[in-house]
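# Summary of the model geometry
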Amino acid sequence: MSDAFSVIHNRKSVRSFTGQSVSRDALDKIIRAGMAAPTAVNKQPWAFIIVTGRKTLDALAAGLPYAKMLDKAGAAIIVCAIPGMAYDKSLELAVIDSTCSSENILLAAEALGLGAVWTAAYPYKDRMDVARKALNIPQDIIPLNVIPIGHPAGTDRPKDKYKPENIHWEKW
Ligand SMILES: Cc1cc2nc3c(=O)[nH]c(=O)nc-3n(C[C@H](O)[C@H](O)[C@H](O)COP(=O)(O)O)c2cc1C
């Protein structure tokens, strides 16, 4: 297991996979990391759908224009935001909380030597409809993203995004 800073700085969107399957133990660790995220008033307004079946992965790949890498992924996690469970039944808080969880999922995949990438469902109605149809997700639950996970083919690299001009130290 790598230290937190290496994992954070090495994380990158991985869109090129070998096609190998992902173990149940790895997926369990990744989901546990997702559930460890902070949420407003600790409401945990989410659900996670784990897909390993080739038929469903292919159906998602066919319907989602920017998720074609699913064809070689070993699995996908769909993070669902549930406004009815969020503080104040807030759509915004459900999405924010589920986004925190999604980042934990991406970091956990990196820590395990796997690759992952956030592909968008929310806020695009057509993409949410694709996920809803493939996975029987009801209208009051929001498929936030589809995260393909797999063994990296080794071509994707982290980007250096450090920009001092975006930092503002308060003067005292
Ligand atoms: C809200 C959101 C939506 C994204 N949607 C897609 C997507 O549909 N397909 C894709 O390949 N990458 C998608 N990405 C990944 C971004 O393109 C990627 O994070 C960005 O280019 C920075 O690269 P990095 O993740 O390697 O640091 C998305 C990321 C976020 C946060």
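I will try to describe carefully the structure that is included in this document. Predicted model, so just to flag it, every value in this text is computed and none were measured. (Residues numbered from 1 in each chain as written. Predicted model: local features only at pLDDT ≥ 70, side-chain atom pairs only at ≥ 80, totals over all residues. Heavy atoms only, no water.)

## Digging into the side chain of Lys-12
Here Lys-12 is to be found in the loop between helix 1 (4-10) and helix 2 (24-35). On the basis of relative accessible area, Lys-12 is assigned to the buried category, the value being 18%. A distance of 3.0 Å separates a polar atom in the side chain of Lys-12 from the backbone oxygen of Asn-10. Leaving out residues up to four positions away in the same chain, Lys-12 has contacts with Glu-110, Ala-116, Asp-156, Arg-157 and Pro-158. (Helix = DSSP H or I, 4+ residues; strand = E, 2+ residues; numbered from the N terminus. Buried < 20%, exposed > 50% of the residue type's maximum accessible area, 1.4 Å probe, protein only. Polar contact = N/O pair within 3.5 Å; in protein donor to acceptor, adjacent residues only side chain to side chain. Contact = heavy atoms within 4.5 Å.)

## Re the side chain of Arg-127
Mapped onto the elements of the fold, Arg-127 is located in helix 5 (residues 125-135). For the buried Arg-127, no salt bridge exists, and the shortest N-O distance to an oppositely charged side chain is 4.7 Å, to Asp-126. The contacts of Arg-127, once residues within four sequence positions are left out, are Leu-64, Pro-65, Tyr-66, Ala-120 and Ala-121. (Lys, Arg positive; Asp, Glu negative; His and termini not counted. Salt bridge = Lys/Arg side-chain N within 4 Å of Asp/Glu carboxyl O.)

## Concerning the site of the ligand
Near the ligand there are 13 residues, and of these Ser-13, Arg-15, Trp-118, Lys-159 and Lys-161 occur at the shortest range. One of the backbone nitrogen or oxygen atoms of Trp-118 is found 3.0 Å away from a nitrogen atom of the ligand. Ala-120 is positioned with one of its backbone polar atoms (N or O) 3.1 Å from an oxygen atom of the ligand. In terms of residue class, the shell around the ligand is built from five nonpolar, two polar and six charged. (Near = heavy atom within 4 Å. Nonpolar A, V, L, I, M, F, W, Y, C, P; charged D, E, K, R; others polar.)

## Quick look at the state of the cysteines
By definition, a disulfide links the sulfur atoms of two cysteines through a covalent bond. Tallied over the full model, the rule gives zero disulfides. In this model Cys-80 remains outside any disulfide bridge; the closest cysteine sulfur is found in Cys-100, 16 Å from its own. For Cys-80, a relative accessible area of 2% gives the class buried. (Disulfide = S-S within 2.5 Å.)

## Things to note about the pairing of strand 5 (residues 142-150)
In terms of burial, strand 5 is largely enclosed, as nine of its nine residues are buried. With seven bridges connecting them, strand 2 (residues 75-81) and strand 5 associate as antiparallel partners. Residue pairing for strand 5: Ala-76 is matched across the bridge by Pro-148. Relative to strand 5, strand 3 (residues 115-116) runs antiparallel, the two being bridged by two bridges. Within strand 5, the residue paired with Ala-116 across the bridge is Ile-149. By the bridge criterion, two bridges tie strand 4 (residues 119-120) to strand 5 in an arrangement that is antiparallel. Residue pairing in the sheet places Ala-120 in a bridge with Asn-145 of strand 5. (Pairing = 2+ DSSP bridges.)

Honestly, that's just the spatial picture; any functional story needs more than this.
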